[in-house]
Amino acid sequence: MTTILDKVLGRERVLVKENERALTLYKGEIKAVLLPGEHSLANRRGRLEVSRHDLKNPEFVSAYEKALFDKLPDVAARHFTVVRTGRTDVAVIERDGNLHAVLAPDRKLVLWTDAGPWKVASVDTANDLAIDPALMRRLGQARKTELMFVHPVVDGQAGLLFVDGVLVRTLAAGVHAFWNVGRMVQVKVVDLKRQSLDVAGQEVLTKDRVTIRVNIAAEYQVVDPVKAVSTVKDFSEALYRALQYAFRKTLGALTLDQILEKKVTVDEEAAAKVRADMAAIGVEVSDIALKDVILPGEMREILNQVVSAEKQAEANVIRRREETNATRSLLNTARVMAENPVMLRLKELEALETIAGKVERLTVHNGTGGLLNDIVKLREN
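Remember, predicted model here, so these are calculated numbers, not experimental data. (Residues numbered from 1 in each chain as written. Predicted model: local features only at pLDDT ≥ 70, side-chain atom pairs only at ≥ 80, totals over all residues. Heavy atoms only, no water.)

Draft legend 1. Representation of the sheet that holds strand S7 (residues 89-95) in the model. Read from one edge of the open sheet, three strands run S8-S7-S10, paired in antiparallel fashion. Unpaired on one side and paired on the other, strand S8 (98-103) and strand S10 (118-124) mark the two borders of the sheet. In this sheet, neighbouring strand axes are inclined to one another by 20° on average, regardless of whether the strands run parallel or antiparallel. As paired strands, S7 and S10 are joined by seven bridges and run antiparallel to one another. When the sheet's bridge partners are listed, Asp89 is paired in S10 with Asp124. Each of S7 and S8 is contacted by helix H4 (residues 133-141), which is oriented at about 100° to S8, the strand it contacts most. (Pairing = 2+ DSSP bridges. Helix = DSSP H or I, 4+ residues; strand = E, 2+ residues; numbered from the N terminus. Axes fitted to C-alpha atoms, helices over the stretch in contact; angles between N-to-C directions. Contact = heavy atoms within 4.5 Å.)

Laid out in structure tokens, this is it:
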């Protein structure tokens, strides 16, 4: 507390707490950094200025920073820890074992030394942007991820790391982190599992100039992800186009009847071309199938009529064959009865028995001897 004597002497008492530090200026000129305690300072005509800093915020940000370091370099060296990074450096700053900050390249950070202890680790990103997995986890837990690019690669995938558009290396399954400091980092994930691709509704003009639509299916697997990505823009699109071209060329050389009758042969002819083209870009194609052949409406009606006519003709042939067999059987029976009177008599009795079972009364004139004899005579005539 400033006393009357202090005022007479032109002095002022300044109290600095344990959690504080203070900068003093007299007549606008930087003079000292005050530690905790009570200080008696000259203050004639109110020319003393005191700038207090709470160590709870350990970073020193002040308009008097340059003047302090220029005019009182020894004082600044005792009270401050200065962290500087180069053009490709990243600094990881720890405070008493805990992550405090991550400093980007070409930056400076001034810290109160007494707010520490401080530990600074500098990382040169010129050759490798990868972040150690342990450090990656610490940065994530401390929520200091503004300079970090994280990309997971799951089982069954390969990650291709590109830096400034240049392929650097292939990443295995796991979580990968990289410094995102002025260079463009990109990870392209390629699925290495077996996959299927459908090419639906492709129009093809057959040799006999019938327009049909076909559905094609293929199974494939990327076996060389670097080649698959670097050789073509999109390997799945390349497979799609290869299937289109191969089947159009193959089916276009066949008539509609050949396509409908030899679907398996068509698949094999097309598959050889597709497999060869895709193997050149690191993609292995296994099963290829021509799933459906879709005819236009008028063609379906014509084929239905053809099939119906063929089936009707087959039915007529069968019907005539059966009628011929029945007639031949009747002729054989008549011949037997003509040659055997006893057999004729038995047939006559069987006929009478059948008729008698269906009527209430049956009258036979002149006996039954001539009933079937007349039939035989008609045949002989």
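Draft legend 2. Here's a closer look at unusual backbone geometry. For the bond running from Gly116 to Pro117, omega is 15°, close enough to zero to count as cis. With respect to the helices and strands, the residue Pro117 is situated in the loop between strand S9 (108-112) and S10. Unusually for a residue other than glycine, Lys27 sits at a positive phi of about 55°. A residue is classified by how much of its surface remains accessible, and Lys27, at 55% relative accessible area, is exposed. Despite not being glycine, Asp106 shows a phi value in the positive range, around 55°. Along the polypeptide, Asp106 turns up in the loop between S8 and S9. (Buried < 20%, exposed > 50% of the residue type's maximum accessible area, 1.4 Å probe, protein only.)

Draft legend 3. Spatial organisation of the environment of Asp132. Its place among the elements puts Asp132 in the loop between S10 and H4. Sequence separation between Asp132 and Phe178 is 46 residues, and the spatial gap between their C-alpha atoms is 8.8 Å.

Draft legend 4. Summary view of the confidence of the model for the protein chain. In this model, the protein chain carries an average pLDDT of 82, and 76% of its residues clear a pLDDT of 70 or more. Here residues 375-381 is modelled with pLDDT under 50, and outside its nearest four sequence neighbours on either side it reaches four contacts, counting other chains as well. (pLDDT = per-residue confidence, 0-100.)

Draft legend 5. Looking closely at the packing of aromatic side chains. Inspection of every chain in the model, using the stated rule, returns four aromatic pairs. Ring geometry for Phe60 versus Phe80: centroids 4.5 Å apart, planes at 40°, classification tilted. Placement of Phe60 in the loop between strand S5 (48-54) and helix H2 (65-71) and of Phe80 in strand S6 (residues 80-84) is noted, with a sequence separation of 20 residues between them. Relative to Trp112, the ring of Phe60 has its centre 5.4 Å away and its plane inclined at 80°; by these criteria the two rings are edge-to-face. One end of the pair, Phe60, is in the loop between S5 and H2; the other, Trp112, is in strand S9, with 52 residues separating them in the sequence. An aromatic cluster is present here, built from Phe60, Phe69, Phe80 and Trp112 joined pairwise through their rings. (Phe/Tyr/Trp six-rings, centres within 6.5 Å; stacked < 30°, edge-to-face > 60°.)

Draft legend 6. Representation of the pattern of salt bridges within the structure. Tallied over the entire structure, the rule returns twelve salt bridges. Here Arg52 and Glu20 are joined by a salt bridge, their closest N and O atoms 3.2 Å apart. Here the residue Arg52 occupies a position in strand S5, and Glu20 occupies one in strand S2 (residues 20-26), the gap between them amounting to 32 residues. Look at Arg52 and you get partly exposed, because its relative accessible area is 42%. A relative accessible area of 16% places Glu20 in the buried class. (Salt bridge = Lys/Arg side-chain N within 4 Å of Asp/Glu carboxyl O.)

Draft legend 7. How the structure looks around the side chain of Glu94. Along the polypeptide, Glu94 turns up in strand S7. Among the polar contacts made by the side chain of Glu94, one reaches the side chain of Arg138 at a distance of 3.0 Å. Filtering out sequence-adjacent residues up to four positions away, Glu94 remains in contact with Leu99, His100, Pro117, Trp118, Lys119 and Arg138. (Polar contact = N/O pair within 3.5 Å; in protein donor to acceptor, adjacent residues only side chain to side chain.)

Draft legend 8. How the structure looks around the sheet that holds strand S18 (residues 283-294). Taken in spatial order, the three strands line up as S16-S17-S18 in an open sheet, and their pairing is antiparallel. Edge positions in the open sheet fall to strand S16 (195-205) and S18, since each of these has one partner strand only. With strand direction ignored, the average angle separating the axes of adjacent strands in the sheet is 20°. Pairing of strand S17 (residues 211-222) with S18 involves nine bridges; the strand directions are antiparallel. Following the sheet pairing, Val222 is matched in S18 by Val283. Lying over the sheet, helix H6 (residues 235-252) contacts S16, S17 and S18, oriented at roughly 40° with respect to S16.

Draft legend 9. Just the nonpolar core, in detail. Ranked by size, the top nonpolar core spans 35 residues in total, and within it Leu243, Val283 and Ile288 carry the most contacts. Among the elements of the structure, strand S12 (157-163), S16, S17, helix H5 (225-231), H6, helix H7 (256-261), helix H8 (263-279) and S18 are those that each provide at least two residues to this core. When residues in this core are grouped by element, the largest group, seven residues, is from H6. Core analysis: the next-biggest nonpolar cluster, separate from the first, contains 22 residues, Leu72, Val75, Ala91 and Ala101 among them. (Core = buried A, V, L, I, M, F, W, Y, C linked by side-chain atoms within 4.5 Å.)

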